[in-house]
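One-letter residues, chain by chain:
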Amino acid sequence: MPYPDIIPFDEGLLEVGDGQRIYWVQSGNPEGTPVLILHGGPGSGSSAGTRRYFDPQYYRIIQFDQRGCGGSLPHASEPLIDLSANTTWHTIADIERLRLRLGIERWIIFGNSWGCTLALAYAETHPQRVESLLLVGVTMTRRSEIDWLYQGLGRFFPVEWARFRAAVPKTDRDGDLVTAYYRLLRNPDPAIHVKAARDWHEWEAASILIDPRAALSPRWSDPRYLTARARIITHYFHHLAWLEEQQILRDTHRLAGIPSTMIHGRMDLEAPLVTAWELSQAWPEAELVVVANAAHSPAVSEMATAITRATDGLRRHTRQ
């Protein structure tokens with residue numbers, strides 16, 4: 001099970017260029033093995049609960065809010081926000097700036113959901129900086145995965161799907177719904193973009209709550225949070241995360257020698273197990289752990305236990 005609540009010992013804002021400042025926080029042992037937690041969304045921001053998967057006596061736990069969300073500035077909920085300098089590759093550069101700022105040579109990378117895509121892209125770009133990888137709810141943010149989330153998944157939730165589809169203009173309902181919401185969320189009128197953010201999250205909630213033990217974050221009641229998160233997600237998904245469709249699979253050879261574990265719920269509808277399985281076939285060095293009675297939420301007991309067991313195991317498998 002996860003460790004008790006962990007109080008941070010350090011925090012700050014890092015200037016990363018393009019008028020952006022990212023918020024970072026450190027917890028656990030200042031002299032411990034460094035681990036970087038990459039949050040999901042994109043645009044969800046960091047959470048205190050995620051650091052509880054790591055033994056605070058052993059790990060130096062580092063979190064940061066990716067551009068535009070959480071405590072990072074400017075915030076994507078602001079009117080007329082420009083997201084052009086918010087891409088996967090900007091974020092990978094931010095990770096490197098943070099590593100240098102904190103004086104870290106190599107670190108463990110933990111990613112959940114979208115954070116898996118970011119962790120893999122970072123590790124394939126800077127493999128010499130990665131001690132090991134731990135990925136939960138594996139994604140590669142391919143077009144096929146995006147199409148599943150905002151098209152194929154509708155067959156499991158016909159009522160919610162009809163509502164999600166009906167919330168965009170009639171001319172867009174049979175087209176690319178990600179692009180339709182992307183446009184609505186960029187509208188400066190709060191009556192339009194706040195409603196679009198709520199409609200977007202109502203659709204996401206349907207698949208999250210398929211597991212009766214899962215719960216929505218209290219942050220989902222905050223229109224500012226919903227607007228920023230939905231804007232960032234649609235911005236990334238509209239641009240296919242600035243990744244080629246098979247880029248991560250193609251470049252798995254760059255991960256050779258990095259100890260890696262993937263943990264995935266068998267009942268995950270948001271990120272079906274086939275994605276993790278395909279990655280494991282291209283990357284046989286990585287261990288794939290399938291949790292039988294779990295979906296996408298890492299907080300349910302079986303997933304939390306599997307994650308904590310893996311982080312405890314990492315203490316015995318670090319490269320020298």
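Residues numbered from 1 in each chain as written. Predicted model: local features only at pLDDT ≥ 70, side-chain atom pairs only at ≥ 80, totals over all residues. Heavy atoms only, no water.

- Per an unreviewed UniProt entry, the protein chain carries the name Proline iminopeptidase and comes from Rhizobium miluonense.
- As stated in UniProt under Subcellular location (unreviewed entry), the record for the protein chain gives "Cytoplasm".
- UniProt lists a comment for the protein chain under the heading Catalytic activity (unreviewed entry), and it reads "Release of N-terminal proline from a peptide." (UniProt positions renumbered as here; feature names shortened; annotations may be inferred.)

### A closer look at the packing of helix α5 (residues 177–186) against helix α7 (residues 223–238)
Then step 1. The interhelical angle for the contact between α5 and α7, taken along N-to-C directions, is 135°, at an axis separation of 9 Å. In terms of their interaxial angle, α5 and α7 are classed as oblique. Regarding α5 and α7, the two cross each other, and that crossing is left-handed. Of the residues in α7, those touching α5 at V178, T179, Y181, Y182 and L185 are A230, R231, T234, H235, F237 and H238. (Axes fitted to C-alpha atoms, helices over the stretch in contact; angles between N-to-C directions. Helix = DSSP H or I, 4+ residues; strand = E, 2+ residues; numbered from the N terminus. Parallel < 35°, antiparallel > 145°, perpendicular 65-115°, else oblique. Left-handed = near helix turned anticlockwise from the far one by under 90°. Contact = heavy atoms within 4.5 Å.)

### Details of the side chain of R67
Then step 1. You can see R67 is positioned in the loop between β4 (59–64) and α1 (88–101).
Then step 2. Residues contacting R67, with those up to four places away along its chain left out, are V16, G17, D18, Q20, I22, A85, N86, H90, D94, R97 and I232.

### Considerations on the pattern of salt bridges
Then step 1. Counting across every chain of the model gives 19 salt bridges.
Then step 2. R165 is the salt-bridge partner of D174, the closest N and O atoms lying 2.5 Å from each other.
Then step 3. The exposure class of D174 is exposed, given its relative accessible area of 71%.
Then step 4. Overall, R165 belongs to the partly exposed group, its relative accessible area being 28%.
Then step 5. Through salt bridges with shared partners, one network takes in D18, R67, D94 and R97. (Salt bridge = Lys/Arg side-chain N within 4 Å of Asp/Glu carboxyl O. Buried < 20%, exposed > 50% of the residue type's maximum accessible area, 1.4 Å probe, protein only.)

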